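# Chains, contacts and geometry: an overview
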Amino acid sequence: VQLVESGGGLVQPGGSLRLSCAASGFTIGSYWMYWVRRAPGKGLEWVSCISRSGGATYYADSVKGRFTISRDNAKNTVSLQMNSLKPEDTAVYYCAARSQPPWDSKALVAPEGYDYWGQGTQVTVSS
């Protein structure tokens, strides 16, 4: 089982990045898919998630209106389009799979709250 993120990098404030996550060894269609991040010196922060069919999406208040999550179950991939990036978005971004919807806020910020994790991709927003 593997989740591999890509698309991170250095971007100026106001810029955009698109993160991608490719899954192998399991079918993402059976899972809610999440993006979570960890900023330097801080704990995990849930960013966004998408339901199994893609019909429902949820966002943290800190990214609402700027980030868009999507999934392609046929390709076993998940993406996060990030626009209007701010320095406070600087973090390692992780793709994760969870069988449960995002109703347990404590589970969303605990590594054990997810079934599968990727290795993360660094996003740095700086001028």
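Residues numbered from 1 in each chain as written. Predicted model: local features only at pLDDT ≥ 70, side-chain atom pairs only at ≥ 80, totals over all residues. Heavy atoms only, no water.

### Observations regarding the packing of aromatic side chains
Put simply, the rule is: Side-chain rings of Phe, Tyr and Trp (the six-membered ring for Trp) are treated as a pair once their centres are within 6.5 Å; stacked means planes under 30 degrees apart, edge-to-face means over 60, and tilted covers the remaining angles. Per the convention used, a helix needs a DSSP run of H or I reaching at least four residues, while a strand needs a run of E reaching at least two, with both numbered from the N terminus. Exposed residues in this analysis have more than 50% of their type's maximum accessible area, buried residues have under 20%, and partly exposed residues fall in between, with area computed by a 1.4 Å probe over protein chains only.
Here the structure, examined in full by the defined rule, presents nine aromatic pairs. With a centroid separation of 5.5 Å and an interplanar angle of 90°, the aromatic rings of Y58 and W103 are classed as edge-to-face. Of this pair, Y58 sits in strand β6 (residues 57-59) while W103 sits in the loop between β9 (91-98) and α1 (105-108), placing them 45 residues apart in sequence. Note on W103: relative accessible area 59%, which makes it exposed.

### Description of the state of the cysteines
A disulfide bridge is the covalent bond that connects two cysteines by way of their sulfur atoms. Note the cut-off: Here, the term disulfide refers to a pair of cysteine sulfur atoms separated by no more than 2.5 Å.
Under the counting rule described, the total for this entry stands at one disulfide. Between C21 and C95 runs a disulfide, and the two sulfur atoms are separated by 2.2 Å. What sets the handedness of the C21 and C95 disulfide is the S-S torsion sign, and at about -75° it is left-handed. Remark: C95 occurs in strand β9 and C21 occurs in strand β3 (residues 17-24); sequence separation between them is 74 residues. In this structure, C21 and C95 share a single accessibility class: buried.

### Structural notes on the environment of P102
Rules: Contact criterion: two residues are considered in contact whenever any of their non-hydrogen atoms come within 4.5 Å of each other.
In this structure, P102 sits in the loop between β9 and α1. The spatial distance from the C-alpha of P102 to the C-alpha of Y59 is 10 Å, given a sequence separation of 43 residues. Those residues in contact with P102 that sit more than four places away from it in its chain are W32, Y34, C49, Y58 and L108.

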